[in-house]
Amino acid sequence: MTDIIDKNIQNILANIPAEEPARQYYFIEKCRDLVKEEQKRLGRPLSCCVVTFGCQMNAKDSEKLTGILREIGYQPQEGEEADLVIYNTCTVRDNANQRVYGRLGYLHALKKKNPRMRIGLCGCMMQEPSVIEKIRKSYRFVDLIFGTHNIFRLAELLYRCMAGNDMVIDIWEGTEEIVEDLPALRKFPFKSGVNIMYGCNNFCSYCIVPYVRGRERSRNPEEILEEIRRLAADGVVEVMLLGQNVNSYGKTLEYPITFAQLLREVEKIDGIQRIRFMTSHPKDLSDELIQVMKESEKICRHLHLPLQSGSSRILKLMNRKYDKEQYLALAGKIQREIPEISLTTDIIVGFPGETEEDFLETMDVVQKVQYDSAFTFIYSKRTGTPAASMENQVPENVVKERFDRLLKEVQSIAASRCGRDCGTVQTALVEGVDEKQEGMVTGRLSNNLMVHFQGSSDLIGTIVPVRLTEAKGFYYMGEMTVSDGQASPERPGQDQI
Ligand code: SAH
Ligand code: SF4
Ligand code: F3S
């Protein structure tokens, strides 16, 4: 077997394409041959499973990885009892890392049952040298490790992995290269994330993302629009534009364009009915964006506007570049201009030096803004970030007590906000059948809340009018209605039958 592979390697060295993505398509072919051989030997197809930890960016990367693996001949599945398992990791907080180490123990047990199983690790956590050291030493059963900058090289790395017995490790410190146009397998046929930029330049003092995702790089607008046109032609009705700070999109392009201008272009694409985006940094949110949102018929009535802290003193230490007053003024302006907007946020509790007074400032902003929901996080020390070496780390019991108080407040405001649309008719994108109640489906409202109502699976992927009949705290119950003389739900992008 080794002989065959060695010959293979010699043969291919002569004619590997240097250009991407041709090079990866070349290795996809090569891997496909090896997978076929193994399938023949085993007398069954090979399966793969990509598990995503972390944010939307990682979820999008996982779709790319799964697409490449399917092209190679693996059958994607949900469970980890597979022939190839890849963990796409997150390292934003320490508990994200601990979860991966914990799950690796489980994978080891699976590999003992199926020694042919291959295990790959990629994503943000792999960009940290201390993690690689630990895996090299204590998790020898891992076969393949790569980072955030070279996921497009999966086929090439997998080929190396299949051809030898050693752990294959390929981590890049950064890249200027953006390689797209490789296969991807969407999780949902009717909605999709679209990367508009990569990396982050903000260096918030607590955050590891700029170190593991590299410098900010915007994709060319034409490429983005072309991708969305292709998605629309393929039945996608909702796109989510992705970036760590979408409001600074386009600033570094050769021909600069603003995020608001990009949104205007996306709006023009037929078939796309809903546009969302993640994440907005308050410091870069322009009046132009508010105006475009206000005038748009497709941009959803939801804005995630991370606060992090309500204390101007802490915000300065966090390097967020806005203060409490500026944030409140911005939130107020958005709520005035777009009254039906649903605002959500991220908040960190227990940043080094946070006093009770600082914390009360955060509570004050929460009460003033009245978020529809908020993700609350306990500060996690990330080695290498400026905040990690700050003095006055807040004791655990104090942080926990503040966290509980904040969570209670956030939940009670969210529950009261959820009731405000009761009785109205809103459009919902049906995302799936309700697992818990037979004969029911689940739809997502423009404001990002979910609604459960009677319907069958053939509604999935359609946008239908729903009357919201009952608020359940953070979701609604409803019933489908017929509006504007429309007798049946529209199924955008499909011919009338
Ligand atoms: N780019 C996005 C956030 C990406 S990380 C933005 O700036 O809004 C998602 C969230 O994780 C952040 O908004 C922050 O609230 C939280 N977070 C990041 N680093 C953290 C840390 N060290 N400890 C606790 N929470 C953290
Ligand atoms: Fe992290 Fe700040 Fe960049 Fe968001 S904007 S990814 S919080 S450094
Ligand atoms: Fe986590 Fe990386 Fe996203 S650290 S939050 S998966 S960018």
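Residues numbered from 1 in each chain as written. Chains lettered and ligands numbered in written order. Predicted model: local features only at pLDDT ≥ 70, side-chain atom pairs only at ≥ 80, totals over all residues. Heavy atoms only, no water.

Some details on the overall build of the chain
Put simply, the rule is: Helix and strand assignments come from DSSP, with helices taken as H or I runs of at least 4 residues and strands as E runs of at least 2, each series counted from the N terminus. When we talk radius of gyration, it's over C-alpha atoms, and the globule rule is simply 2.2 Å times the number of residues to the 0.38. Buried, partly exposed and exposed residues are distinguished by accessible area as a fraction of the type maximum, computed with a 1.4 Å probe on protein chains only: under 20%, between the cut-offs, and over 50%, respectively. Whether two residues are in contact is decided by their heavy atoms: any pair within 4.5 Å suffices. With residues, only the protein chains shown are counted as cover, and all accessible areas are computed by Shrake-Rupley using a 1.4 Å probe. In summary, the charge assignment counts Lys and Arg as positive and Asp and Glu as negative, without counting His or the chain termini. The atom standing in for a charge is NZ when the residue is Lys, CZ when it is Arg, CG when it is Asp and CD when it is Glu.
Scanning the chain from terminus to terminus reveals 14 helices and 19 strands. In terms of overall dimensions, the chain is globule-like: its C-alpha atoms have a radius of gyration of 24 Å, near the 23 Å expected for 497 residues. Taking the principal axes of the C-alpha coordinates as reference, the chain spans close to 70 × 65 × 50 Å. Within the chain, buried positions represent 55% of all 497 residues. Of the contacts made within the chain by residues no fewer than 6 positions apart, 73% connect residues no fewer than 24 positions apart. Element-wise, carbon and sulfur atoms account for 49% of the exposed surface of the chain, whose accessible area totals about 23,000 Å². Considering the chain, the positive charge centre built from 64 side chains and the negative charge centre built from 71 side chains are found 4 Å apart.

Focus: the site of ligand 2
As a reminder, the rule being used: Nearness is defined per residue: one heavy atom within 4 Å of the molecule or strand is enough. Three classes are used, and their members are as follows: Ala, Val, Leu, Ile, Met, Phe, Trp, Tyr, Cys and Pro are nonpolar, Asp, Glu, Lys and Arg are charged, and the others, Gly among them, are polar.
By nearness alone, every residue bordering ligand 2 is listed as Cys200, Asn202, Phe203, Cys204, Tyr206, Cys207, Val209, Pro210, Gln244, His281 and Arg320. A breakdown of the residues in the shell around ligand 2 according to their chemical character gives seven nonpolar, three polar and one charged.

Considering the site of ligand 1
What counts here: Under the rule applied, a polar contact is a pair of N or O atoms within 3.5 Å (in protein, one hydrogen donor and one hydrogen acceptor; residues adjacent in sequence only if both atoms are side-chain atoms).
Close to ligand 1 lie 15 residues; Gln244, Pro306, Gln308, Asp346 and Ser380 are nearest. Tyr206 places a polar main-chain atom, nitrogen or oxygen, 3.0 Å from a nitrogen atom of ligand 1. At 2.7 Å from an oxygen atom of ligand 1 is found a side-chain nitrogen or oxygen belonging to Gln308. Surface burial for ligand 1 is 90%, taken as the share of its 540 Å² of free accessible area covered by protein chains. Elements with a contribution of two residues or more to the shell around ligand 1: strand E13 (342-349) and strand E14 (373-378). Residues that form the shell around ligand 1 fall into these classes: seven nonpolar, four polar and four charged.

Some remarks on empty space enclosed by the protein
Cut-off, in case you're wondering: The pocket and cavity definitions rest on a 1 Å grid over protein atoms only: a 1.4 Å probe that fits but cannot leave marks a cavity, an open set with protein on both sides within 12 Å along at least five of seven lines marks a pocket, and residues lining either have an atom within 4 Å of a point. Grid points are joined across faces, edges and corners, and a volume is the space filled by probe spheres set on the points.
Counted under the stated rule, the structure contains two cavities of 30 Å³ or more. Residue lining of the largest cavity: Met57, Met197, Tyr198, Gly199, Arg213, Gly243 and Gln244, and that is the complete set. Of the residues assigned to the lining of the largest cavity, the class counts are three nonpolar, three polar and one charged. Taken as a whole, the second largest cavity spans an internal volume of roughly 30 Å³. Surrounding the second largest cavity, Val366, Tyr371, Ser373, Ala374, Val410 and Ile413 form its lining. Sorting the residues of the lining of the second largest cavity by element identifies E14 and helix H14 (396-418) as the ones contributing at least two each.

Section: the nonpolar core
Keep this limit in mind: Nonpolar core, defined: a set of buried Ala, Val, Leu, Ile, Met, Phe, Trp, Tyr and Cys residues in which side-chain atoms within 4.5 Å join the residues together.
Formed by 68 residues in total, the largest nonpolar core has its most connected members in Val239, Leu241, Phe259 and Phe277. In contact with Val239, not counting residues within four places along its chain, are Ser192, Val194, Ile228, Leu231, Val266, Ile272, Arg274, Ile275 and Arg276.

Some thoughts on helix H3 (residues 56-72)
Helical geometry: 3.6 residues make up each α-helical turn, so side chains three or four residues apart lie on a common side. The following threshold applies: What a helix should span is 1.5 Å times the count of its residues minus one.
Counted at 1.5 Å a residue, the expected span for H3 with its 17 residues is 24 Å, and the 25 Å between its end C-alpha atoms agrees. Across the 17 residues of H3, 13 count as buried, placing the element largely inside the fold. In the stretch just after H3, Gly73 is the one whose phi turns positive, near 120°.

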